[in-house]
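Spelled out, the chains give:
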Amino acid sequence: MSLYLLDSNDPMNSPWDRAITANLYAPGQERRLIQEIVLGIGGWQVLEKLGIEPEVCHLNEGHAAFVVLARAYSFMKKTGCSLAAALWATRAGNVFTTHTPVEAGFDRFDRALVDKYAKFYADLLGLSRLDLMALGGGRAEDESCPFTMAHLALNGCSHVNGVSRLHGRVSRKIFQPHFARWPEIEVPVGYVTNGVHISTWDSPAAQKLWAEACPRDCLPDGIDYLKDGITRQSDSQLWSFRAEARKDLVEYVRRRSGRQLQERGAGQEELKIARHVLNPNVLTLGFARRATAYKRTDLLLKNPERLIAILTDRAHPVQLVMAAKAHPSDEQGKEMVKQMVNFAARPEISDRAVFLEDYDIDLAQHLQPGVDVWINTPLRPNEACGTSGMKVLANGGLNISNLDGWWDEAYDPEVGWCLGDEREHSEPGRDEVDAEQLYRLLVEKVVPLFYERDEEGIPKGWVAMMKASMARLTPRYSSARMMQEYVEKIYRPAAIAFRKRSADGARLAEELAAWQERLKENWKDLRFGRLTMTEADDFWCFSVEAYLGELYPEDVRVELYANPLPEEKTEAGAEAGISKGEVGQIMQSAPEKIAMERLGPLAGAVNGFIYGARLPAKRAVEDYTPRIVPYHGGAFIPLEEAHILWMH
Ligand SMILES: *Cc1c(COP(=O)(O)O)cnc(C)c1O
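Residues numbered from 1 in each chain as written. Predicted model: local features only at pLDDT ≥ 70, side-chain atom pairs only at ≥ 80, totals over all residues. Heavy atoms only, no water.

## Some points on the overall build of the chain
The secondary structure content of the chain amounts to 23 helices and 20 strands. Taking 648 residues into account, the globule formula puts the C-alpha radius of gyration at 26 Å, and the chain, at 29 Å, falls close to it. Overall size of the chain, expressed as C-alpha extent along the three principal axes, is 95 × 75 × 55 Å. Evaluated residue by residue, the chain yields a buried proportion of 52% over its 648 residues. In the chain, 72% of the contacts between residues at least 6 apart in sequence involve partners at least 24 apart. Total accessible area on the chain is roughly 30000 Å²; 53% of this is exposed by carbon and sulfur atoms. (Helix = DSSP H or I, 4+ residues; strand = E, 2+ residues; numbered from the N terminus. Rg over C-alpha atoms; globule rule 2.2 N^0.38 Å. Buried < 20%, exposed > 50% of the residue type's maximum accessible area, 1.4 Å probe, protein only. Contact = heavy atoms within 4.5 Å. Areas by Shrake-Rupley, 256 points an atom, 1.4 Å probe, with all protein chains shown as cover.)

## Observations regarding the pattern of salt bridges
Counted under the stated rule, the structure contains 53 salt bridges. Across the salt bridge formed by aspartate 107 and arginine 32, the nearest N and O atoms sit 2.8 Å from each other. Placement of the pair is aspartate 107 in the loop between strand E2 (94–97) and strand E3 (108–109) and arginine 32 in helix H2 (residues 29–49), with a sequence separation of 75 residues. By relative accessible area, aspartate 107 is classed as buried at 10%. Relative accessible area serves as the criterion here: at 19%, arginine 32 is assigned to the buried category. For the salt bridge of glutamate 186 with arginine 627, the shortest nitrogen-to-oxygen distance reads 2.8 Å. Of this pair, glutamate 186 sits in the loop between helix H9 (165–175) and strand E6 (190–191) while arginine 627 sits in strand E19 (residues 625–630), and the two are 441 residues apart along the sequence. Judged by its relative accessible area of 0%, arginine 627 is buried. (Salt bridge = Lys/Arg side-chain N within 4 Å of Asp/Glu carboxyl O.)

## Structural notes on the site of the ligand
The environment of the ligand is made up of Trp201, Lys295, Tyr359, Asp360, Ile361, Ala364, Gly386, Thr387, Ser388 and Lys391. In the environment of the ligand, an oxygen atom lies 2.5 Å from a nitrogen or oxygen atom belonging to the side chain of lysine 295. Taking serine 388, its side chain carries an N or O atom lying 2.9 Å from an oxygen atom of the ligand. Out of a free accessible area of 390 Å², the ligand has 80% covered by protein chains. Its residues assigned to classes, the shell around the ligand shows 4 nonpolar, 3 polar and 3 charged. (Near = heavy atom within 4 Å. Polar contact = N/O pair within 3.5 Å; in protein donor to acceptor, adjacent residues only side chain to side chain. Nonpolar A, V, L, I, M, F, W, Y, C, P; charged D, E, K, R; others polar.)

## Here's the deal with the pairing of strand E18 (residues 608–616)
As judged from the 9 bridges shared by strand E14 (residues 539–547) and E18, these two strands associate in the antiparallel manner. Pairing of cysteine 541 across the sheet is with arginine 614, part of E18. Note that strand E17 (residues 597–601) and E18 share 4 bridges and pair antiparallel. Bridge assignment links arginine 598 to a residue of E18, and that residue is tyrosine 611. (Pairing = 2+ DSSP bridges.)

## Considerations on the domain arrangement of the chain
Domain assignment breaks the chain into domain 1 (15–191), domain 2 (211–475) and domain 3 (526–646). Here domain 1 and domain 3 have C-alpha centroids that lie 32 Å from each other. At the interface, 19 residues of domain 1 touch 23 residues of domain 3. Taken over both partners, the interface formed by domain 1 and domain 3 buries close to 1800 Å², and the fraction arising from carbon and sulfur atoms is 60%. Elements with a minimum of two residues in the side of domain 1 that touches domain 3: helix H4 (83–92), strand E5 (159–162) and H9. Looking at which element gives the most residues to the side of domain 1 that touches domain 3, the answer is H9, with 3 residues. (Domains from an automatic or database assignment. Buried area = accessible area lost by both parts, 1.4 Å probe.)

## Some points on the sheet that holds E18
Reading across from one edge, E13-E14-E18-E17 is the order of the 4 strands in this open sheet, with antiparallel pairing throughout. This sheet does not close on itself; its edge strands, each paired only once, are strand E13 (527–536) and E17. Strand-to-strand twist across the sheet, computed as the mean angle between neighbouring axes with direction ignored, equals 25°. (Axes fitted to C-alpha atoms, helices over the stretch in contact; angles between N-to-C directions.)

## With respect to unusual backbone geometry
Residue arginine 380 is joined to proline 381 through a cis peptide bond whose omega torsion reads 0°. Following isoleucine 637, the chain continues to proline 638 via a peptide bond in cis, the omega torsion being 10°. Summarising the element assignment, proline 638 is placed in the loop between E19 and strand E20 (645–646). Notably, aspartate 504 is not glycine yet its phi reads approximately 50°, a positive angle. Positive phi, normally seen in glycine, also occurs at asparagine 607, with a value near 55°. Of note, asparagine 607 is situated in the loop between E17 and E18.

## Things to note about the pairing of strand E8 (residues 318–325)
Most of E8 is tucked away: 7 of the 8 residues are buried. Alignment of strand E7 (residues 283–290) against E8, held across 8 bridges, turns out to be parallel. The residue of E8 that forms the bridge with leucine 283 is valine 318. One ladder, built from 4 bridges, connects E8 with strand E9 (residues 353–356); its direction is parallel. Bridged to leucine 320 within E9 is alanine 353.

## Describing the sheet that holds E5
In spatial order, the strands read E1-E2-E5-E6; together these 4 strands make up an open sheet with parallel pairing. Each edge of the sheet is formed by a strand with only one pairing partner; in this case those strands are strand E1 (57–60) and E6. Here 2 bridges tie E5 to E6, and the two strands are oriented parallel to one another. The residue bridging asparagine 161 from the neighbouring strand is glycine 190, located in E6. The strands touched by helix H21 (residues 479–522) are E1, E2, E5 and E6; relative to E5, the strand with the most contacts, the crossing angle is about 160°.

## Brief notes about H21
In a regular helix each residue adds 1.5 Å, so 44 residues correspond to 64 Å; H21 covers only 46 Å between its end C-alpha atoms and thus falls short of that length. Bending of H21 peaks at approximately 120° at the position of glycine 505. (Expected span 1.5 Å × (residues − 1). Bend = angle between axes of the 7 residues up to and from the residue.)

## Brief notes about a negative patch on the surface
A cluster of like negative charges, contributed by Glu263, Asp358, Asp360 and Asp362, occupies part of the molecular surface. Tracing the backbone shows aspartate 360 in the loop between E9 and helix H17 (361–370). (Patch = residues over 30% accessible without salt bridge, like charges linked within 9 Å, V, L, I, M, F, W, Y side chains within 5 Å. Lys, Arg positive; Asp, Glu negative; His and termini not counted. Charge placed at Lys NZ, Arg CZ, Asp CG, Glu CD.)

## Let's talk about a nonpolar patch on the surface
A cluster of nonpolar side chains, Tyr4, Leu50 and Ile52, forms an exposed patch at the surface whose accessible area comes to about 270 Å². Relative to the helices and strands, tyrosine 4 resides in the segment before helix H1 (15–18). Overall, tyrosine 4 belongs to the partly exposed group, its relative accessible area being 43%.

## Some words on the packing of aromatic side chains
Evaluated as defined, the whole model comprises 17 aromatic pairs. The interplanar angle of 75° and the centroid separation of 5.6 Å between the aromatic rings of tyrosine 73 and tyrosine 121 together place this pair among those described as edge-to-face. Residue tyrosine 73 is found in helix H3 (residues 67–79), and its partner tyrosine 121 is found in helix H6 (residues 119–125); the two are separated by 48 residues along the sequence. Ring plane angle 20° and centroid distance 5.7 Å describe the contact between tyrosine 486 and tyrosine 491, whose orientation is recorded as stacked. Taken together, Trp239, Trp417, Phe450, Tyr451 and Trp462 form an aromatic cluster joined through their ring pairs. One residue, arginine 31, lies across the ring of tryptophan 16, its end atom 5.6 Å from the ring centre. The ring of phenylalanine 539 is capped by arginine 614, whose NZ or CZ atom sits 3.9 Å from the centre of that ring. (Phe/Tyr/Trp six-rings, centres within 6.5 Å; stacked < 30°, edge-to-face > 60°. Lys NZ or Arg CZ within 6 Å of the ring centre and 35° of its normal.)

Encoded structure:
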């Protein structure tokens, strides 16, 4: 695998151009737009120059979406096909992963800026200004409508996904307006939950443990890596492994905080405290993140006295290792960090709480393997996925988190603890409620489970939870599983579609472009006539008249649609004894869509037909509504063609 990094800082460039790529998250719309043009268009040109011809282009977030235009342009030049066909052909091989659960997270640009910097490229393609703006979303004629990179990506890709099950659902809601009159559940946004690269995040001791549990030829990152192996490990083995890991962390923290103090010119007394901070036998909580509002980095510290009481309990003490980093321009984030620093400095907990500066990967690689419990407190549904909690899994750490991002699908009471519920809350005082629940969970569940020991000193319940978390979650939240899903669900179908559409001088792509043009011109003339429903022998017989205007009957499909029945299916899932995650899937199950058969021409009508369908009368007849949708075996509908006509 090769990684190419683009940098405009070349002496041949003007000073202004040299600065284009100088900073990440460049301030100001203009600088960002230029960066994204460099990334999307420049990125594609680099590949061309290198002679690399990818079948699949993965747009990770909308930032690179201009690649859609660059790829179509080079396809056009190479094959001599039309612009519409080039867009159809290349789109098949473009895939888009959205990463934010809030619409405000999408990059937006004023049209004047797009005119200034991107229109030249549309001109090269022969794409009109209005068509360019239409690709950027919203109503093309509305000049106040900004150009949105996520919309360009949506319009230029054949597959779209979020990064967790919940984020997929949230993204369907966000993108619903893009699919006017389509039900939210049919908005074509799936999900592939993120995963972590296990061999980056497991400690050497964890690597050894997993290797012992699975002695022969299993890949270290294999999906089924030792599902059973870990559960066969003895409790004392696993508990000793945890104790070692905790000890390593305590030593690391002592060294690091000593250095931190020295750099600040601390006195001997303070350094002495740092040398003895933490205790390798005490339940260790880890809490580290980018300090931003939605992550509620301050939640754990909402009631400092309460937390101090938990940390300093004589019989069952608890210790806390914190780290954080705030964006330099995020005042609220910086305030949160200060709060953590001040808390850790309180004398009554000087040996129980530590704040480590400069949260980075190196620190995380020491912190994650050592903690017993990882705490995460995002405000649902703002955490698209979250990965920090996944990093403790292979190391035998457990998670407490709000049901958000990955934890919404991973949580079950056997593998960890959850905060909050499966609803979104925004009422004032919510943080206090969640903080109170967090303290209670610690006091009533987490701490007792950790300190409840058998005659050998082993906390059986704790180790059972470790085993369940390690065996069940580690493989599922690994990057190996994630990659496999991307390949199977997205890359392979995208590559196949691209090959088909671009074969024979893009014959299929030209056909699809012509089909879309017909739909565009004629959709307004589609019309339903009479609908009749009869019941016979527990079957519904539907028949409906449809006038297709100038369209070929093959261009569209007349179908019956009914929303999914959630409750009934959830119970069925629960009865079958399947886990919460899978029930969630069923609740999101597909709606009923029944293709109606063209029974014959409608007497006296031009291009009017009678369509019929017969189906078991299992649910109310009024649940079903006829509709007409575009149809072509080679198109992704509704992502690529979103016309729809409902009878009602
Ligand atoms: C894993 C990691 C993150 C990302 O954590 P999320 O939970 O995905 O927000 C951020 N910073 C560092 C140093 C990390 O190791």
